[in-house]
Amino acid sequence: MPAIETIGLTKTYQGRGGCRDISLAVPRGSIFGLLGPNGAGKSTLVKMLVGLLKPTAGEAYLLGRPVEEVAVRKRIGFLPEAFRYHDWLSGEELLRFHASLYGLSAQETSARLPVVLEMVGLGEQGRKRVGEYSKGMQQRIGLACALLPDPELIFLDEPTSALDPIGRKEVRDLLVQLRAQGKTVFLNSHLLSELETVCDRIAIIKQGRLLFQGDWRELAGPLRQARVVVNADCCRTPFDLARIPALSGVSLTRETPLSAGLDKTPRTEWVFTWEEGTPDIPRLVEALVHSGIPIHEVAPLAGSLEELFLETIADG
Ligand SMILES: Nc1ncnc2c1ncn2[C@@H]1O[C@H](COP(=O)(O)OP(=O)(O)OP(=O)(O)O)[C@@H](O)[C@H]1O
C-alpha cells in the first residue's frame, strides 16, 4: 500500500486555478519530490493532502486511510512554506505547544523534545526565543515541529529555502536518515539540484495537471551523450570531427570554452552525441588520443533534472 494515493484529486477555486484530476502514488519509504512552475497547483495539492483544503472531487489516501480521517493526521508531519511562528516563545515552548496540538502526553513530549532539537541541529538553542532565531534557525524549528510525533509521512514545503549550503546538506542528510528508517518524505521544492540528489521519484505539474510521475531519470531516456574536456589549443574551433573516420555515427553537439585548469591551460568542453546506442567511451577515447588530442576528463552524460524539467514544462 502506497504512503500516499490520490485518484482524480481536484480542487478548483470557483471553477478556476487549483489542480485537476491528479492521480499519484507515492511509495512508502521513499523521498518524493513535487515540482512545477509558480501557480502550477503544488500548494493546493499539499494542502488537500494535509487536510487544510477540501477537494472539489476525487479521493486521497494517506497510509491507507482516507485523508478526511482525523486520526491519520497524528501519523503525519507538515512543515508549511510560509511559516511564521510565535516569536515570543522559546524554541522549547513552541515545540511543547505543537506537541499538545498533536496530543502527545507530557512524558512523550519531554522524551521527544531533545531528540527533534538534535535532529535539526538546534541542540543547544532550545531555550532561546524564536524571535531571536535567524531565518535558517526558524526553518529548523519548523522542521522540528513537523518531526515531533515521529511521523511515518512528512510533508515539507520548501524546507531549505532559508538555509545556507551547510544547512541544506544537513537537511538532505536528515531526509536520507528518515528514509532509512522507513519513513516517507513528500518534498515540495524549487531547488532542482537538491531534488535531484535525494529524490527517488518526482511528479511534475503544470497549470494544475500532472505531466509526469516516476524516476526522473526516466525522463532522460537512454544515455546517448559523453562529455570530454581537452586542452583548448589542441585543435581549431569549431573542431572538425569528420577528420576522425573512426568516430562515424557520433556528432559533436556542443563545444564550450572553459576557464583554465589548475595548470593555467585553457580548456574546451565537447559534448558528443551517439546517433544510435549508448556512448562507446573506450572507442571515443582511443580515437581522440590516436589523433593526438590531450584529454583531461571523460564522462557519460545524463541530462540534469533542471534541463529535463524545463524540457517537460515546455512540451507539456
Ligand atoms: N485561495 C485561492 N483563491 C483563488 N485562486 C487560488 C487560490 N489559491 C490558489 N489559487 C490559484 O490556483 C492556482 C494554483 O495555485 P497554488 O498556490 O496551488 O500553486 P503553486 O504551484 O503552489 O505556486 P507557487 O510555486 O507560486 O507557490 C493558481 O492559479 C492560483 O492563482
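Within every chain, residues take consecutive numbers counted from 1 along the sequence as written. Since the coordinates come from a predicted model, pLDDT governs what is reported: local features require at least 70, and pairs of side-chain atoms require 80 or more to be given and counted, while whole-chain, interface and lining totals use all residues.

Per an unreviewed UniProt entry, the recorded name for the protein is ATP-binding cassette domain-containing protein, and the organism is Heliomicrobium undosum. The Sequence similarities (unreviewed entry) comment attached to the protein in UniProt states, word for word, "Belongs to the ABC transporter superfamily." UniProt positions are given in the numbering used here, feature names are shortened, and annotations may be inferred rather than shown by experiment.

Judged by pairing direction, the sheet is antiparallel, and its four strands sit side by side in the order E2-E1-E4-E5 without closing on themselves. Strands at the two margins of the open sheet, each flanked by one partner only, are strand E2 (16-26) and strand E5 (65-66). Note that strand E1 (residues 4-13) and E2 share six bridges and pair antiparallel. Considered in E2, the bridge of lysine 11 is made with cysteine 19. A pair of strands is treated as paired once DSSP finds two or more bridges between them. Here a strand is any run of E in DSSP of at least two residues, a helix any run of H or I of at least four, and the numbering for each starts at the N terminus.

Moving on, we get to the confidence of the model for the protein. The predicted model of the protein has a mean per-residue pLDDT of 90, with 99% of residues at 70 or higher. Across the predicted assembly, pTM comes out at 0.83 and ipTM at 0.98. pLDDT is a per-residue confidence score from the predictor, ranging from 0 to 100.

What follows deals with the pairing of strand E6 (residues 76-79). Consecutive side chains along a regular strand alternate between the two faces of the sheet. Between the buried cut of 20 or more and the exposed cut of 12 or fewer other C-beta atoms within 10 Å of a residue's own C-beta lies the partly exposed class, and all C-beta atoms are placed from the backbone. Judged by which residues are buried, E6 turns out to be covered on both faces: Ile76 and Phe78 on one side and Gly77 and Leu79 on the other are all buried. Note that E6 and strand E7 (residues 153-157) share four bridges and pair parallel. By the bridge assignment, leucine 79 is partnered in E7 with leucine 156.

Let us now look at the site of the ligand. In the neighbourhood of the ligand, the contacting residues comprise Tyr13, Gly17, Gly18, Gly36, Asn38, Gly39, Ala40, Gly41, Lys42, Ser43 and Thr44. The set of elements that each furnish at least two residues to the shell around the ligand consists of E2 and helix H1 (42-49). Any residue qualifies as near a molecule or strand once its backbone-derived C-beta atom lies within 6 Å of it.

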